[in-house]
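# Examination of the molecular architecture
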Number of protein chains: 2
Amino acid sequence: MAKRIRLAKRVVAESDRLAAELADRFRAAGVFAANLMSSPGSGKTSLLEETARRLAGEFRMAVIEGDLATDRDARRIQKAGIPSVQINTGGGCHLSARQVRDALERFDLAALDVLFIENVGNLVCPAEFDLGEHRRVVLASTPEGDDKPAKYPLAFHKADCVVLNKIDLLAATGFSREAFRGFVRGLNPSVPVLEVSCRTGEGLDAWFDWVRAERRAAAAGGARSSK
Amino acid sequence: MAKRIRLAKRVVAESDRLAAELADRFRAAGVFAANLMSSPGSGKTSLLEETARRLAGEFRMAVIEGDLATDRDARRIQKAGIPSVQINTGGGCHLSARQVRDALERFDLAALDVLFIENVGNLVCPAEFDLGEHRRVVLASTPEGDDKPAKYPLAFHKADCVVLNKIDLLAATGFSREAFRGFVRGLNPSVPVLEVSCRTGEGLDAWFDWVRAERRAAAAGGARSSK
């Protein structure tokens, strides 16, 4: 058991070292990097498609897509007009700093303003791994139920921004926004909670403004989240 | 690296040994055991609540609930009228055979006909771990999108039954049942796909019939899935 713990510690230390390297590279290039995580099907790719369409005139953007299999999401993003690289993890349940570093070989970071990293759809494991990002964005969606923050606390505790998607299905799903916000506040009192619908466009302006403000802060050398 | 692989192999072997022990215990007690897995919020607990209400007169049932945190699901099941034990995994992303074995201390297996094991909400990691169950049930729900089998192939490949929940939201979500069934068939040609709505009750009879048939097969000493 002691051997297993020593080994695990070494793996974690290596992962943290690579994440710190990535953070240095993002800072040096003046790129705002955001790590998006959620359950499968909460709408990460849909949010990035809308972002690609709306902000393409303002920022030079790119997306790293993490999935167990297929390049479906990378193709969706490319169709929305911005470059995207797909990482297939095989069975891997989260993106690793090493995988992100390898994917960066395929971008010219100095030619970018914003890099989105779409993690594997999984509300558990990705929350444990730093990818050097400035900010962590956690998505939830109304059909998943309003108690998800209580049941998956680490992801919400470490979020710098919570996006509640599919607000158009609020009535049909019996979702309580008050209950949801209560659970989020209990874990992370000051995090913004943005209610959006990628399907109808409702609320997306607040998300675009959040990206603009965070991009400005990163370009001005602002520190990354210490969460 | 060789050391890490040896260690991982030892952990897997121990997990498989415990799972085989569990399978023996379920068989000896004549209990049908089903392992339910899905993304967070697909409706595992809702399906079990409906099952508790409908089948309580036919079978002696119990539920083992796996969650990172809270006992919300165990309380929901108890309120629906059947015994339930909550396992909190802390950060753990799936239930382990050891956790199930420990939870069994709190049941009299010989006094049960059916045991449901509700895994942690995660479409990735739980698929890798045998818990000694007769059958694996994988849930998906229409708001998650019809491409989830393609993106999370192992869970669907190993499923003995696929339950597609929230069929009442089909139109509102633009979900294609043909696309979904096509992806499932590509991974698992003969698996039944049951379309249900735990909210409206639509399609649940087919699920209850599936449970009855599998319970009969298990009670008659039928083999567990070799997937």
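For clarity, every value in this text was computed on a predicted model and none was experimentally measured.

As a further point, take the relation of the copies chain B and chain A. After a rotation of 180° and a shift along the axis of 0.0 Å, chain B superposes on chain A with an RMSD of 0.0 Å. On the angle and the small slide along the axis, the relation comes out as a two-fold axis.

Residue and element names in this part refer to chain B. The seven strands lie next to each other as β3-β2-β4-β1-β5-β6-β7, forming an open sheet whose pairing is parallel. Of all the strands in the sheet, the pair left with one neighbour each is β3 (84–88) and β7 (193–195). Averaged over all pairs of adjacent strands, the angle between their axes in this sheet comes to 20°, without regard to strand direction. Inspection of the sheet shows strand β6 (residues 161–165) paired to β7 by three bridges, in the parallel sense. When the bridges of β7 are listed, L164 appears paired with E195. Across the face of the sheet, helix α3 (residues 72–79) comes into contact with β2 (61–67), β3 and β4 (114–118) while running at roughly 175° to β3. Against the sheet, helix α8 (residues 177–187) contacts β5 (135–141), β6 and β7, and its axis sits at roughly 155° relative to β7.

Okay, the pairing of β4(B) next. Residues and elements named next belong to chain B. When you tally the buried positions in β4, you get five out of five residues, the bulk of the element. The side-chain alternation of β4 yields two buried faces, one formed by V114, F116 and E118 and the other by L115 and I117. One ladder, built from five bridges, connects strand β1 (residues 32–37) with β4; its direction is parallel. By the bridge assignment, A34 is partnered in β4 with F116. As defined by bridge partners, β2 adjoins β4 across five bridges and the pair is classed as parallel. When the sheet's bridge partners are listed, E65 is paired in β4 with E118.

With that settled, the discussion passes to the interface of chain B and chain A. The partner chain A presents 37 residues to the 37 residues of chain B that form the contact. Interface area for chain B against chain A, summed over the two sides, is near 3000 Å², with a carbon-plus-sulfur share of 60%. Sorting the residues of chain B by area buried against chain A places B:P40, B:R72 and B:K151 first, and these three jointly supply 18% of that buried surface. Linking chain B with chain A are six salt bridges. At the surface where chain B touches chain A, the tally comes to twelve residue pairs in polar contact (both at pLDDT 80 or more). At the level of secondary structure, the elements contributing two or more residues to the side of chain B that touches chain A comprise α1 (2–29), α3, α5 (148–151) and α7 (170–173) of chain B. The dominant element in the side of chain B that touches chain A, judged by the number of residues it contributes, is α1(B), at four residues. A per-class count over the side of chain B that touches chain A returns 17 nonpolar, eight polar and twelve charged.

Cut-offs and rules
- Residues numbered from 1 in each chain as written.
- Chains lettered and ligands numbered in written order.
- Predicted model: local features only at pLDDT ≥ 70, side-chain atom pairs only at ≥ 80, totals over all residues.
- Heavy atoms only, no water.
- Least-squares fit on C-alpha atoms with pLDDT ≥ 70 in both.
- Pairing = 2+ DSSP bridges.
- Helix = DSSP H or I, 4+ residues; strand = E, 2+ residues; numbered from the N terminus.
- Axes fitted to C-alpha atoms, helices over the stretch in contact; angles between N-to-C directions.
- Contact = heavy atoms within 4.5 Å.
- Buried < 20%, exposed > 50% of the residue type's maximum accessible area, 1.4 Å probe, protein only.
- Buried area = accessible area lost by both parts, 1.4 Å probe.
- Salt bridge = Lys/Arg side-chain N within 4 Å of Asp/Glu carboxyl O.
- Polar contact = N/O pair within 3.5 Å; in protein donor to acceptor, adjacent residues only side chain to side chain.
- Nonpolar A, V, L, I, M, F, W, Y, C, P; charged D, E, K, R; others polar.

Don't take any of this as a statement about function, it's just geometry.
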